[in-house]
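In case you want the letters, here they are:
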Amino acid sequence: VQLQASGGGLVQAGGSLRLSCAASGRTFSRYNMGWFRQAPGKEREFVAAINWRTSMTKYADSVKGRFTISRDNVKNTVYLQMDSLKPEDTAVYYCAAEDRTVYGSSSRNEYDYWGQGTLVTVSS
């Protein structure tokens, strides 16, 4: 499956952005989808994931209550709505797909397909 992330940009602290990840190729609806991010000098970290069948979600503690992951299996797209953004949310955001786990994984090692990343910069 091929993934194309978009929607990044520059926003002030407290603002909002919505990232999109369009999928093509194999059956998108059968993949658990995740968002990860990587800040300069840091490792790539889990942000959110959504199950392919139930749309159950999980979040990193650092974004819980501020970010919302969702998916549209008709449009083959997964979204990350980011509200109340903080400067520490600044990173390149990557979408990813996996079909190894039942509920959707927070481990980047479970994901086989990755998008190219989109940069989010939050100014203070």
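Residues numbered from 1 in each chain as written. Predicted model: local features only at pLDDT ≥ 70, side-chain atom pairs only at ≥ 80, totals over all residues. Heavy atoms only, no water.

1. A short note on the overall build of the chain
- Counting secondary structure elements, the chain contains 0 helices and 11 strands.
- When the helices and strands of the chain are listed from N to C terminus, the series reads β-β-β-β-β-β-β-β-β-β-β.
- The C-alpha radius of gyration computed for the chain amounts to 13 Å, which stays within 12% of the reference 14 Å derived for 124 residues, consistent with globular compactness.
- Projecting the C-alpha coordinates of the chain onto the three principal axes gives extents of approximately 40 × 25 × 25 Å.
- Sequence-distant contacts, at least 24 apart, represent 57% of the contacts inside the chain between residues at least 6 apart.
- With an accessible surface of roughly 6,400 Å², the chain has 45% of that area assigned to carbon and sulfur atoms. (Helix = DSSP H or I, 4+ residues; strand = E, 2+ residues; numbered from the N terminus. Rg over C-alpha atoms; globule rule 2.2 N^0.38 Å. Contact = heavy atoms within 4.5 Å. Areas by Shrake-Rupley, 256 points an atom, 1.4 Å probe, with all protein chains shown as cover.)

2. Some words on the nonpolar core
- One finds Met33, Trp35, Leu80, Met82 and Tyr93 to be the most contacted residues of the largest nonpolar core, which totals 36 residues.
- Elements with a minimum of two residues in this core: strand 1 (2-6), strand 3 (17-24), strand 4 (32-38), strand 5 (45-50), strand 7 (67-72), strand 8 (77-82), strand 9 (91-98) and strand 11 (118-123). (Core = buried A, V, L, I, M, F, W, Y, C linked by side-chain atoms within 4.5 Å. Buried < 20%, exposed > 50% of the residue type's maximum accessible area, 1.4 Å probe, protein only.)

3. Regarding the state of the cysteines
- Summed over the entire model, instances satisfying the criterion amount to 1 disulfide.
- Across the disulfide, cysteine 21 is cross-linked to cysteine 95 (sulfur-sulfur distance 2.1 Å). With the S-S bond torsion at 65°, the cross-link from cysteine 21 to cysteine 95 turns out right-handed. Here cysteine 95 lies in strand 9 and cysteine 21 lies in strand 3, a separation of 74 residues in the sequence. Of the two residues examined, cysteine 21 and cysteine 95, each falls in the buried class. (Disulfide = S-S within 2.5 Å.)

4. Details of the pattern of salt bridges
- Within this structure, the stated rule accounts for 6 salt bridges.
- Of the charged contacts in the structure, one is a salt bridge between glutamate 45 and arginine 37, with a shortest N-O distance of 2.7 Å.
- Residue glutamate 45 is classed as partly exposed on the basis of its relative accessible area of 37%.
- As a salt-bridge pair, aspartate 89 and arginine 37 come within 2.9 Å of each other at their nearest N and O atoms. Here aspartate 89, found in the loop between strand 8 and strand 9, pairs with arginine 37, found in strand 4; they are 52 residues apart in sequence, far enough to count as distant. (Salt bridge = Lys/Arg side-chain N within 4 Å of Asp/Glu carboxyl O.)

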